[in-house]
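Notes for the structure review
One letter stands for each residue in the lines below.
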Amino acid sequence: MITDELIARCARKDARAQYELYRALYGTMMAICSRYEKNLSDAKDRMNQGFLKILENIGNRGNDVPFEPWARRILINTVIDGFRKEQRRKEHEQVGVDQTMDSNPGINEYLQQMEAEALTALMQRLPGMSRQVFNLFAIDGYGHAEIASMLGISEGTSKWHVSTARAQLQRALQEGWKRSSVNIAIR
C-alpha cells in the first residue's frame, strides 16, 4: 500500500522504501508498459526507466497531487519519450497501412471472451505509432489535442491513427471470431 509516509521515505532516498514502492507499483507499471511495447523485455526496460524518473521527481510532487495518477503520467511520458527516440532512429522507414473497415456484430461478443493476454498480443501487432496513439486515446483517455501535443503530430493524424488501429483490430477480431466459430461448428 502506498502511503504518504512511504512516499516521504522514498523522497529521502530510503532504499527499502523505494523497493517497497517498486513492488506496490509493479503491476500497474507493467500493464501500462506492456500495452505500449512490442515485447516483455522492452516493457521492463521502459518500466524501470519510468520508475527511476518517478524516484528522481518524487520530492517535487505537490502534496495536493494524487500520487498514483502522477506516477502513471510520468510512466506514460517515459514510454512516449522512448517511442519518440525510436521514431527518430527509424525515421527513414515508413509503414503502409490498409484502411478498410469491416464490421461484424459477433466481434463484441468475441472481444468480451478474450483474455487480456490475447488483446495485448493483438495490440502489439499494430504499427508502433498507431499503437501509441490508440493506447493514449482508447485506454488512457487522452484527447486528440493532448496526444498531438505529446507526440508532436497534428490532431488529424492522431484521429487517423486511432481509426487505423480500430480497423486493424476489428479485422483481427473478426478473423479470430470466424476461426472460433469454425472450431465450435466442427466440435
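Now for a description of the structure that goes with this document.

What counts and how
- Residues numbered from 1 in each chain as written.
- Predicted model: local features only at pLDDT ≥ 70, side-chain atom pairs only at ≥ 80, totals over all residues.
- Heavy atoms only, no water.
- Phe/Tyr/Trp six-rings, centres within 6.5 Å; stacked < 30°, edge-to-face > 60°.
- Helix = DSSP H or I, 4+ residues; strand = E, 2+ residues; numbered from the N terminus.
- Buried < 20%, exposed > 50% of the residue type's maximum accessible area, 1.4 Å probe, protein only.
- Expected span 1.5 Å × (residues − 1).
- Polar contact = N/O pair within 3.5 Å; in protein donor to acceptor, adjacent residues only side chain to side chain.

**A short note on the packing of aromatic side chains**
Enumeration according to the criterion identifies three aromatic pairs in this entry. On the basis of an interplanar angle of 55° and a centroid distance of 5.9 Å, the ring pair of Tyr-22 and Tyr-26 is categorised as tilted. Here Tyr-22 pairs with Tyr-26, and both are found in helix 2 (residues 15–36), just four residues apart, close to one helical turn. Owing to a relative accessible area of 34%, Tyr-26 belongs among the partly exposed residues under this scheme. Assessed through its relative accessible area of 22%, Tyr-22 is described here as partly exposed. Aromatic ring contacts, followed pair by pair, group Tyr-22, Tyr-26 and Phe-51 into a single cluster.

**Let's talk about helix 3 (residues 40–57)**
Helix length check: helix 3 (18 residues) gives 26 Å between terminal C-alpha atoms against 26 Å at 1.5 Å per residue, within 8%. Within helix 3, the full set of buried residues consists of Ala-43, Arg-46, Met-47, Gly-50, Phe-51, Ile-54 and Leu-55. Sitting at the head of helix 3, Asn-39 places a side-chain oxygen 3.2 Å from the backbone nitrogen of Ser-41.

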